[in-house]
Amino acid sequence: MQKISSGTSSAIREIFKADKALLGMIHCPSFPGSPRYRNASIDTIYDACMRDADALIGGGLDGLVIENHGDIPFSKPEDMGHETAAFMSVVTDRIKTATGVPLGINVLANAPIPALAIALAGGASFIRVNQWANAYVANEGFMEGRAGEALRYRSLLRAEHIKVFADSHVKHGAHAITADRTIPEQTRDLAFFDADVVIATGQRTGNAATIEEIDEVRSATDLPLMVGSGVTKDNIGEILARTNGVIVASSLKEGGVWWNPVDPERVKAFMDAARPALGRD
């Protein structure tokens, strides 16, 4: 099976100075303008993000992905208010200043244009995009890949140093539109459209990608591969043996629930399980 590679050096090594990276999630609380916002002070929102960042990086993770997960139900990119980018830029800047670690930005739902603006303003190294190429039916409705407009916007900003981490066969949706094309074929499309890292996911937040799906994605590209859902202390060794890293979220939260604060004891247990697979002391 032919693999497609961007021909560039590994974005994981370039960003994290290592061949594998462990990334934690900052699930930002609801921002003003979103349906679940209930008049919390802005400082309270920022403090919650900083608390989780401190717990994750203090526990030994290599970097963070900042996401507006509290803004449920998510808007499509064309319906998103400017306030989302404004608040996320401040969060990103504060976390970058406090931790100094590499950061990524994911703006839900599937909004790489504001994500690039936030990343540039806040000093992030990459963006995550759930649908970079092709299309699918998401919770928000029909969702198209936005690689063409996003890369043109990145060029306009002179921000080519900001990398693109793109999901393959993304969670929270139906792929009937592209059901005549295999997961490896869709993965190759990500590299063809200049993604820098591929992410394998499960069916929904907290649901693990199967080893079979990870291997399918791995077979299709020489780009770095990460797993972005359902990673736990119990499966991290098996996943790291096949990939260049993970994005871990729910399993590090109190009670294993994504909207709860990060639990430092869960972070410690996760890192204890991950270190042997990383070859770290």
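Heads up: the structure comes first, above all this text.
Every value quoted in this text rests on a predicted model; they were computed, and no experiment measured them.

A. Representation of helix α3 (residues 82–99) within the structure. Between its first and last C-alpha, α3 extends 26 Å over 18 residues, near the 26 Å set by a 1.5 Å rise per residue. Along α3, the residues classified as buried are T84, F87, M88, S89, V91, T92 and I95. The secondary structure elements touched by the buried residues of α3 are β1 (21–27), α2 (42–58), β2 (63–67), β3 (103–106) and α4 (112–122). Positive backbone phi, at 75°, marks G100, one or two positions downstream of α3.

B. Spotlight on the packing of helix α6 (residues 183–192) against helix α7 (residues 211–220). The contact between α6 and α7 brings their axes to 8 Å, and the two run at 50°. Relative to α7, α6 is oriented oblique. With respect to the hand of their crossing, α6 and α7 are arranged in right-handed fashion. Across the interface between the two elements, I183, P184, T187 and R188 from α6 touch E213, E216, V217, S219 and A220 from α7.

C. Structural view of the nonpolar core. Membership of the largest hydrophobic core comes to 67 residues, with the highest contact counts inside it found for L22, I95, I105 and W132. For this core, the element with the most residues is α2, which contributes eight residues. Apart from the residues within four sequence positions on either side, W132 is in contact with P112, G145, R146, A147, A150, L151, V164, A166, L190, F193, D194 and A195.

Conventions and cut-offs
- Residues numbered from 1 in each chain as written.
- Predicted model: local features only at pLDDT ≥ 70, side-chain atom pairs only at ≥ 80, totals over all residues.
- Heavy atoms only, no water.
- Helix = DSSP H or I, 4+ residues; strand = E, 2+ residues; numbered from the N terminus.
- Expected span 1.5 Å × (residues − 1).
- Buried < 20%, exposed > 50% of the residue type's maximum accessible area, 1.4 Å probe, protein only.
- Contact = heavy atoms within 4.5 Å.
- Axes fitted to C-alpha atoms, helices over the stretch in contact; angles between N-to-C directions.
- Parallel < 35°, antiparallel > 145°, perpendicular 65-115°, else oblique.
- Left-handed = near helix turned anticlockwise from the far one by under 90°.
- Core = buried A, V, L, I, M, F, W, Y, C linked by side-chain atoms within 4.5 Å.

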